[in-house]
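One-letter residues, chain by chain:
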Amino acid sequence: MIHYRKILELYDEGISLRGIAASTGHSRQKVTEIIELAGKKGLECPLEEEMDDRWIEDFLFPEKTMEGSGRQPLDFEYIHKELAKPNVTLSLLHHEYEARSRANNTIPYSYRSFVRYYSNYAQKYKATMRIRRKPGEIMEVDWAGSTLFIIDRDTGEKVKAYVFVATLPCSQFSYAEATLSMDRHSWINAHIHAYEYFGGVTQILVSDNLKTGVTKHTSRELVLNPTYKEMVNHYNTIIMPARVRSPKDKASVEGSVGTISTWIIAALRNTHCFSIEELNVELRKKLEEYNQRPFTRKEGCRFSAFEEEEKFALSLSQPRLTKYLNGERRK
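A brief structural summary. Nothing here was measured: the structure is a model prediction, and the numbers come from that model.

## What about helix α12 (residues 276-292)?
Here is step 1: Helix length check: α12 (17 residues) gives 24 Å between terminal C-alpha atoms against 24 Å at 1.5 Å per residue, within 8%.
Here is step 2: Those residues of α12 lying buried are Ile276, Leu279, Leu283, Leu287, Tyr290 and Asn291. Buried positions in α12, seen along its axis, are confined to an arc of 100 degrees and lie on one side of it.

Structure representation (structure tokens):
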């Protein structure tokens, strides 16, 4: 077994490639290959305790475990990225994989084995499979139940501030913003700020059935508020309001609202701000901390999962809307 962990740790300590090769007994070429591949896949020190040599080898060279089978190898990174594209499924990718196998005169894995191997890979290394959402597919939005406040400079009274939350279910990367109202202007503006924060637009937008966005939603009819419809069309996305009394339709944002209520809203409970702009500066600091918090059962954090697995799948956002349908200028 190659000393993968020692190679990466020595490199992190600033030891030269020649020194690492001499210390581990491996060639400089092999040491270089491992370091470059680890960098490409985002594997950096300090390493978690569970990341032993076998773990690192499986992560860097997942195809090695199948070499002895004589079958057409699986390109897990390719499969993972292709799944992010519209209408691409594991069934289609397996069909294409079988065609490549025939062209190479090799034996393909069955569909069941194909799915199992990929699922094991994604479950261990990718946030996408754990959440079971495609990268760039959905943005879920809602208002948090808890509120913040600012202090009126003249009266000293506390003025309530509402918190808008947007979450990408694939990576769990989230956005939050405080507003002084939950009206249409604040609702639309917060969506635009979320798209700007994420740097792109998802295929689908899942929201609650708030009157600020949805006029009517039944099993037979969906009527959007004209302004909300304008925004959806502008960003070339699709609106899918959550069904009434169906919290699972936006389970990710419901979960994020709970954790954001703790790590952002509750964390700011003793912070005194005198304007909504000042409050959002403090909120953004807590938001960055929240997105950088390590996953408890997985390597990385929301931000790293977004950068590695979801950002590439977002559509580039268009310039922000300049006015409402009724002519009201945006700030």
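Following the structure, the description resumes.
## Observations concerning the packing of aromatic side chains
In this description, a pair of aromatic rings is defined by centroid distance and the angle of the planes.
Here is step 1: Taken as a whole, this structure holds 13 aromatic pairs when the rule is applied.
Here is step 2: Here the aromatic residues Phe173, Tyr175, Tyr197, Phe198, Phe303 and Phe306 are joined through ring pairs into a cluster of three or more.
Here is step 3: Just above the ring of Phe149 sits the side chain of Lys158; from NZ or CZ to the centre is 4.4 Å.
Here is step 4: Directly above the aromatic system of Tyr290 lies the positively charged group of Arg302, at a separation of 4.3 Å from the ring centroid.

## Considerations on the sheet that holds strand β7 (residues 238-239)
Here is step 1: Spatial ordering of the open sheet is given by β3-β2-β1-β4-β7, a layout of 5 strands whose pairing is mixed. Every other strand in the sheet has two partners, leaving β3 (174-179) and β7 as the edge strands with one partner each.
Here is step 2: Each of β1 (138-151), β2 (158-167), β3 and β4 (204-206) touches helix α9 (residues 184-198); the most contacted strand, β3, lies at about 145 degrees to it.
Here is step 3: Across the face of the sheet, α12 comes into contact with β1, β2 and β3 while running at roughly 160 degrees to β3.

## Comments concerning the nonpolar core
Here is step 1: Residues Met139, Phe164, Phe198 and Leu205 are the most contacted members of the largest nonpolar core, which totals 44 residues.
Here is step 2: At the level of secondary structure, the elements contributing two or more residues to this core comprise β1, β2, β3, α9, α10 (226-234), α11 (251-265) and α12.
Here is step 3: Considering each element in turn, this core owes the most residues, 8 residues, to α9.
Here is step 4: Filtering out sequence-adjacent residues up to four positions away, Phe198 remains in contact with Met139, Ala166, Leu168, Phe173, Ser174, Tyr175, Phe306 and Leu314.
Here is step 5: Among the nonpolar cores identified, the runner-up in size contains 20 residues, and Ile7, Ala38, Met51 and Phe61 belong to it.

About the criteria used
Residues numbered from 1 in each chain as written. Predicted model: local features only at pLDDT ≥ 70, side-chain atom pairs only at ≥ 80, totals over all residues. Heavy atoms only, no water. Helix = DSSP H or I, 4+ residues; strand = E, 2+ residues; numbered from the N terminus. Expected span 1.5 Å × (residues − 1). Buried < 20%, exposed > 50% of the residue type's maximum accessible area, 1.4 Å probe, protein only. Arc of directions from axis to C-beta. Phe/Tyr/Trp six-rings, centres within 6.5 Å; stacked < 30°, edge-to-face > 60°. Lys NZ or Arg CZ within 6 Å of the ring centre and 35° of its normal. Pairing = 2+ DSSP bridges. Contact = heavy atoms within 4.5 Å. Axes fitted to C-alpha atoms, helices over the stretch in contact; angles between N-to-C directions. Core = buried A, V, L, I, M, F, W, Y, C linked by side-chain atoms within 4.5 Å.

By themselves, these are just geometric observations and shouldn't be taken as functional.
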